[in-house]
Amino acid sequence: MKRIALLKERKGATAGAPSTATGSHCPVSGLWSPDHDPHTVLSFFEGHVFPAFDGVPTVWRRRSAGTVSAN
């Protein structure tokens, strides 16, 4: 059975790795943007495999709710 990570463990895991590449598993649920298009924001759940963006492998960066604008 999969162990449920504690909130403190999840925060520590994302602090050291604020970005991840296409094909990697999402380390924590939240909002993510492709490196070459920071205005695009997508939601991914923990464990989801990051896809290519516009058919091109990319690096995905975690966004916080405060950095996402409504424009």
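Preceding this section is the structure that the text describes.
So, a few notes on the structure that sits alongside this text.

What follows deals with the environment of histidine 48. If you trace the backbone, histidine 48 turns up in the loop between β3 (42-44) and β4 (59-63). Sequence spacing of histidine 48 and serine 29 is 19 residues, and the spatial spacing of their C-alpha atoms is 8.7 Å. Among all residues touching histidine 48, those that are not within four sequence positions of it are Ser24, His25 and Cys26.

Let us now look at the environment of valine 56. Within the secondary structure, valine 56 is located in the loop between β3 and β4. Since its relative accessible area comes to 44%, valine 56 is described here as partly exposed. Expressed as a C-alpha distance, the spacing of valine 56 and threonine 22, which sit 34 residues apart in the sequence, is 8.8 Å.

Another point: the packing of aromatic side chains. What describes a pair of aromatic rings is the distance from one ring centre to the other and the angle between the planes of the rings. A full pass over the atoms with the stated rule returns five aromatic pairs. Note on phenylalanine 44 and phenylalanine 50: the rings are 5.0 Å apart at their centroids and 70° apart in plane angle, and the pair reads as edge-to-face. As far as the burial class goes, phenylalanine 44 and phenylalanine 50 line up, both buried. Note on phenylalanine 53 and tryptophan 60: the rings are 6.1 Å apart at their centroids and 90° apart in plane angle, and the pair reads as edge-to-face. Here the two residues phenylalanine 53 and tryptophan 60 agree in accessibility, since each one is buried. Here the aromatic residues Trp32, Phe44, Phe50, Phe53 and Trp60 are joined through ring pairs into a cluster of three or more.

The next subject is the pattern of salt bridges. Under the defined criterion, the tally for this structure stands at one salt bridge. With a closest N to O distance of 2.7 Å, arginine 61 and aspartate 35 form a salt bridge. Taken together, the positions of arginine 61 in strand β4 and aspartate 35 in the loop between β2 (30-34) and β3 put the pair 26 residues apart, joining distant regions of the chain. Assessed through its relative accessible area of 37%, arginine 61 is described here as partly exposed. In this structure aspartate 35 comes out as partly exposed when scored by relative accessible area, which is 38%.

Definitions and cut-offs
- Residues numbered from 1 in each chain as written.
- Predicted model: local features only at pLDDT ≥ 70, side-chain atom pairs only at ≥ 80, totals over all residues.
- Heavy atoms only, no water.
- Helix = DSSP H or I, 4+ residues; strand = E, 2+ residues; numbered from the N terminus.
- Contact = heavy atoms within 4.5 Å.
- Buried < 20%, exposed > 50% of the residue type's maximum accessible area, 1.4 Å probe, protein only.
- Phe/Tyr/Trp six-rings, centres within 6.5 Å; stacked < 30°, edge-to-face > 60°.
- Salt bridge = Lys/Arg side-chain N within 4 Å of Asp/Glu carboxyl O.

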